[in-house]
2 protein chains.
Amino acid sequence: MERRRELCDAAIQLLAVDGAKGLSHLKVDRKAGVADGTTSFYFRTRSALLRGVAERLAELDLANLQSIVDGAGIKPSSPSQLSVMVIQSGMEPQLSLTKARYELTMQATRDPALAAILQQSTDAFTKLHRDILVRLMPRGDELEPAVVEDLSNITLTFINGLLLRFAHGDRIITSPEQLDAILAALASGILKASKAGRLTDTSAARVLPDHSL
Amino acid sequence: MERRRELCDAAIQLLAVDGAKGLSHLKVDRKAGVADGTTSFYFRTRSALLRGVAERLAELDLANLQSIVDGAGIKPSSPSQLSVMVIQSGMEPQLSLTKARYELTMQATRDPALAAILQQSTDAFTKLHRDILVRLMPRGDELEPAVVEDLSNITLTFINGLLLRFAHGDRIITSPEQLDAILAALASGILKASKAGRLTDTSAARVLPDHSL
């Protein structure tokens, strides 16, 4: 497993710097400093290599999530753990993972097995995002599920856009405190509007039903 | 020019369906139904082809923007022209352009000439977005430039995230009316918070100075 991990870490760096086009089994060998053919031995096809990278990214994400929920669980804190994590995603060493994830995501539109692995990470992050949001809101536990869904969908879409801008070197915010302030501002607007009716369609979205509140 | 346009339109479809990896001069020839070698004649290198595609996308965007500001200019309307445009970007035939643009954007992180062409479209859209936003706000013309900047940066980041989700087939909203309601909700939250201090860093962002208010 250690060798596979090492190869995947080399592949992540290649994806981040050169994009999907810059990834080949031989380049991973050279990047990892192993004998030519090693990557082909562990990952027979390009799709297998991409799936390996997606699983390695998920493993790194999970370790990151774990460190967040460790201790006394998710607590209100300033800056929030969510914002710390997002801002870190825009800075190295996390930024390479963010860029590699975008490359994989583009590939995944044409590779269902790859898409399924990435979806697991997305779902885990979506759940964490929702849990932290609810805890950040005053009396968040009393919010209607539909309102939490709107809140979660909209702020997560904002974070998607933010991470995409980070991946392109476009940093419109630089501190977790700023992100907290923005999320709080967005949430206050959404909470007010959400009372008048649903803002987003969960039916149309690829949201896992088993992540119910 | 007609032939170049035709080849670029075929390239856009290839990018949308097969991604950057699925694009080659020969495939464009076949897709466009022209003699092998035609695309190589018009676009000597891969980078030249990608720049041609970016320019064609910009041309299509411009035609779209033009139809929006035609007549009596940008007027408040319901649903807003901005939201109509964004929702259209998530449906064919516009969705292919959205997908092709994301493929180009990933390539552009490694091709400065390509990035410069894409940036022009981004700037045009950013300016339109800001103009429409200001007109949508009650007494928008009286807003502080810094507040408009926050409003524009944050809602545009949300739209970036939304278009990315559309490109991946993830439709969390389906009508321009819904998007208007969300943008209004976000704006009300941002306006309230923005009075207490700046929410975003324009200095760190790649915002063109000549698009001042």
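Here is what the cut-offs are and how they apply
Residues numbered from 1 in each chain as written. Chains lettered and ligands numbered in written order. Predicted model: local features only at pLDDT ≥ 70, side-chain atom pairs only at ≥ 80, totals over all residues. Heavy atoms only, no water. UniProt positions renumbered as here; feature names shortened; annotations may be inferred. Helix = DSSP H or I, 4+ residues; strand = E, 2+ residues; numbered from the N terminus. Contact = heavy atoms within 4.5 Å. Buried area = accessible area lost by both parts, 1.4 Å probe. Salt bridge = Lys/Arg side-chain N within 4 Å of Asp/Glu carboxyl O. Polar contact = N/O pair within 3.5 Å; in protein donor to acceptor, adjacent residues only side chain to side chain. Core = buried A, V, L, I, M, F, W, Y, C linked by side-chain atoms within 4.5 Å. Buried < 20%, exposed > 50% of the residue type's maximum accessible area, 1.4 Å probe, protein only. Least-squares fit on C-alpha atoms with pLDDT ≥ 70 in both. Phe/Tyr/Trp six-rings, centres within 6.5 Å; stacked < 30°, edge-to-face > 60°. Lys NZ or Arg CZ within 6 Å of the ring centre and 35° of its normal.

Per an unreviewed UniProt entry, chain A carries the name TetR family transcriptional regulator and comes from Mycobacterium intermedium.

**Q** Is there a simple way to explain the UniProt feature "DNA-binding region" (unreviewed entry) in chain A in this structure?
**A** As annotated by UniProt and renumbered to match this structure, "DNA-binding region" (unreviewed entry) occupies residues 24-43 of chain A. Helix makes up 65% of residues 24-43 of chain A and strand 0%, whereas the separation of the span's terminal C-alpha atoms amounts to 11 Å.

**Q** Could you clarify how one ought to interpret the interface of chain A and chain B in this entry?
**A** How big an interface is tends to be stated in terms of accessible area lost as the parts join. In this complex, chain A contributes 47 residues to the contact, which on the side of chain B involves 47 residues. Where chain A abuts chain B, roughly 4,000 Å² becomes buried across the two surfaces, and 60% of that area is made up of carbon and sulfur atoms. Summed over the three residues of chain A that lose the most area to chain B, namely M106, R110 and H168 of chain A, the buried surface amounts to 15% of that side. Remark: the boundary between chain A and chain B carries two salt bridges. Residues R110 of chain A and E103 of chain B are paired through a salt bridge, measuring 2.8 Å at the closest nitrogen-oxygen approach. Applying the counting rule to chain A against chain B returns seven residue pairs in polar contact (both at pLDDT 80 or more). For the side of chain A that touches chain B, the secondary structure elements donating two or more residues are helix 1 (2-18), helix 6 (94-108), helix 8 (145-167) and helix 9 (176-194) of chain A.

**Q** Got a minute to help me understand the nonpolar core in this structure?
**A** In a soluble, globular protein the nonpolar side chains are often hidden away together inside. Core analysis: the largest hydrophobic core is formed by 64 residues, its most contacted members being V86 and F158 of chain A together with F158 of chain B. Setting aside chain neighbours within four positions, we find F158 of chain A in contact with L179, I182, L183 and L186 of chain A together with I154, T157 and F158 of chain B.

**Q** What am I meant to see in the relation of the copies chain A and chain B here?
**A** The pair of chain copies shares a relation made of a rotation about an axis and a shift along it. With an RMSD of 0.0 Å, the operation that places chain A on chain B is a rotation of 180 degrees combined with a shift of 0.0 Å along the axis. Both copies are brought into coincidence by an operation consistent with a two-fold rotation axis.

**Q** Any chance you could explain the environment of E2 of chain B here in plain terms?
**A** All names here are of chain B. Along the chain, E2 turns up in helix 1 (residues 2-18). Look at E2 and you get exposed, because its relative accessible area is 53%. A distance of 3.1 Å separates a polar atom in the side chain of E2 from a polar atom in the side chain of R5.

**Q** Just to check I follow, could you spell out the packing of aromatic side chains for this structure?
**A** In this description, an aromatic ring pair is defined by two values, namely the gap between the centres and the angle between the planes. All names here are of chain A. Taken as a whole, this structure holds two aromatic pairs over all chains when the rule is applied. A ring pair is formed by F41 and Y42, whose centres lie 5.4 Å apart and whose planes are at 90 degrees; its orientation type is edge-to-face. Here F41 falls in the exposed class, since its relative accessible area comes to 55%. Judged by its relative accessible area of 31%, Y42 falls in the partly exposed class. Positioned above the aromatic ring of F166, the side-chain terminus of R171 is 4.8 Å from the ring centre.

**Q** I keep staring at the UniProt feature "domain: HTH tetR-type" (unreviewed entry) in chain A and nothing clicks. Help me out?
**A** Using the residue numbers shown here, the UniProt feature "domain: HTH tetR-type" (unreviewed entry) corresponds to residues 1-61 of chain A. Between the C-alpha atoms that bound residues 1-61 of chain A there is a distance of 18 Å. The span itself is 75% helix and 0% strand.

**Q** Any chance you could explain the pattern of salt bridges here in plain terms?
**A** When the charged atoms of two side chains with opposite charge come close together, those side chains can pair. Under the defined criterion, the tally for this structure stands at 22 salt bridges over all chains. Across the pair E149 of chain A and R130 of chain A runs a salt bridge whose closest N-O atoms are separated by 3.1 Å. Taken together, the positions of E149 of chain A in helix 8 and R130 of chain A in helix 7 (residues 112-136) put the pair 19 residues apart, joining distant regions of the chain. Judged by its relative accessible area of 4%, R130 of chain A is buried. Among the ionic pairs, R56 of chain B bridges to D9 of chain B, the shortest N-O distance being 2.8 Å. One end of the pair, R56 of chain B, is in helix 4 (residues 46-69); the other, D9 of chain B, is in helix 1, and 47 residues separate them in sequence. Residues participating in the shared-partner salt-bridge network are E2, R5, D9, R56 and E59 of chain A.

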